[in-house]
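The lines below spell out each chain.
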Amino acid sequence: MKVSNLSIVSTILTILTSQSSALKCGIKGVTMPCIGDTDSRYNQDISYDLKEQDNFWNSLEGLFVEDIVVYKSDGTPDTNNAIVPAPLGTYDFSNAKAFLNVTVNGSRYYYHRYLLVKHNSDGPGGMQLPGLVNPTDIYAASTF
């Protein structure tokens, strides 16, 4: 049976790679310093909690009720906004109300808002449509 050099080398490499292990970083005089020692993105002791990083995030969090007035380009309040087909009437955006919930959890930011707008009762035959509810959800995560 003839054995080639290639088969011997591949057998040795297979055995050696399963027998080897990597050295730990940061061994003085032997390996390079650990990346986490100089770059905060790799530091295991860094907190990703936004509230721990800055008090600004604590001040954003909470439940809020907003009174909103939407203005037209000429500076007058938007009292007759036809966002549905015109024959169905208009909505009064000069007296809108919103409920807002902002939550900061770890590295994540949650923003949930419900905008409520009243119908002007100016549909066909004085028809009153239900109010408009416009939900908004924003989800974000912090990175470096």
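Because the structure is predicted, anything quoted here is derived from the model rather than measured.

I'd like to hear about the overall build of the protein chain, residue by residue, with values.
Tallying secondary structure elements over the protein chain gives three helices and four strands in all. Classification of the 144 residues of the protein chain by burial places 16% in the buried group. Residue pairs at least 24 apart in sequence account for 52% of intrachain contacts in the protein chain once pairs closer than 6 positions are excluded.

Could you give me a rundown of the confidence of the model for the protein chain, with the residues and numbers involved?
When the pLDDT values of the protein chain are averaged, the result is 83; 88% of them are 70 or greater. Looking at the elements of the protein chain, mean pLDDT is at its lowest for helix α1 (residues 5-19), recorded as 66, and at its highest for strand β1 (residues 62-68), recorded as 95.

Provide a residue-level description of the pairing of strand β2 (residues 91-105), including the pertinent values.
For β1 and β2, the ladder comprises seven bridges, and the chain directions are antiparallel. Across the sheet, residue Glu66 finds its bridge partner in β2, namely Ala98. With 11 bridges connecting them, β2 and strand β3 (residues 108-119) associate as antiparallel partners. From the neighbouring strand, Thr103 faces β3, where its bridge partner is Tyr110. What sits between β2 and β3 in their antiparallel hairpin is a turn of two residues, with Gly106 showing a positive phi close to 65°.

Analysis parameters
Residues numbered from 1 in each chain as written. Predicted model: local features only at pLDDT ≥ 70, side-chain atom pairs only at ≥ 80, totals over all residues. Heavy atoms only, no water. Helix = DSSP H or I, 4+ residues; strand = E, 2+ residues; numbered from the N terminus. Buried < 20%, exposed > 50% of the residue type's maximum accessible area, 1.4 Å probe, protein only. Contact = heavy atoms within 4.5 Å. pLDDT = per-residue confidence, 0-100. Pairing = 2+ DSSP bridges.

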